[in-house]
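Tertiary structure, described
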Amino acid sequence: MIFGVLPQKKNQYALRILGNCGEFTSEELLRLSELTAKFGNGKITATSRGTFELNGVSESELEPSIEAVQAAKLRLG
């Protein structure tokens with residue numbers, strides 16, 4: 001399993017996105033919003049550890065979504 005990729009129900013995955021000590025810039029949040037609209041189910045979960053999770057990524061979109069997260073200069077963790 002890839003670090004920062006969490007299995008969910010119905011063969012879907014969540015990508016956990018790390019900020020800088022729990023902080024995110026407005027640009028990072030815009031990029032995350034665009035990614036979840038493209039690869040996920042349009043929902044982002046804020047966690048109690050100061051991270052965000054891009055939810056509902058299908059197995060077929062998993063590799064492209066990871067590459068897009070990295071290209072957007074966001075960190076999986």
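Everything below is about the structure printed above this text.
Residues numbered from 1 in each chain as written. Predicted model: local features only at pLDDT ≥ 70, side-chain atom pairs only at ≥ 80, totals over all residues. Heavy atoms only, no water.

A word on the pattern of salt bridges
Side chains that carry opposite charge are capable of pairing whenever their charged atoms lie near each other. Definition in use: Take a side-chain nitrogen of Lys or Arg and a carboxyl oxygen of Asp or Glu: if they are within 4 Å of each other, that pair is a salt bridge. We count a stretch as a helix when DSSP gives it H or I for four or more residues in a row; a strand needs E for two or more, and each element gets its number in order from the N terminus.
Applying the stated criterion across every chain yields a total of one salt bridge. The partner of Glu53 in a salt bridge is Arg16, and the shortest N-O contact between them spans 2.8 Å. Here Glu53, found in strand 4 (residues 52–58), pairs with Arg16, found in strand 2 (residues 12–18); they are 37 residues apart in sequence, far enough to count as distant.

A word on the pairing of strand 4
Definition in use: A simple rule labels every residue: compare its accessible area, found with a 1.4 Å probe on the protein chains alone, to the largest value its type can have, and call it buried under 20%, exposed over 50%, or partly exposed in between. At least two DSSP bridges between two strands are needed for those strands to be called paired.
Along strand 4, five of the seven residues are buried, which leaves the element largely enclosed by surrounding structure. Inspection of the sheet shows strand 2 paired to strand 4 by five bridges, in the antiparallel sense. Bridge pairing links Arg16 to Glu53 in strand 4. Pairing of strand 3 (residues 44–46) with strand 4 involves three bridges; the strand directions are antiparallel. Bridged to Ile44 within strand 4 is Leu54. Hairpin connection from strand 3 to strand 4: five residues lie between these consecutive antiparallel strands, with Gly50 at a positive phi of about 80°.

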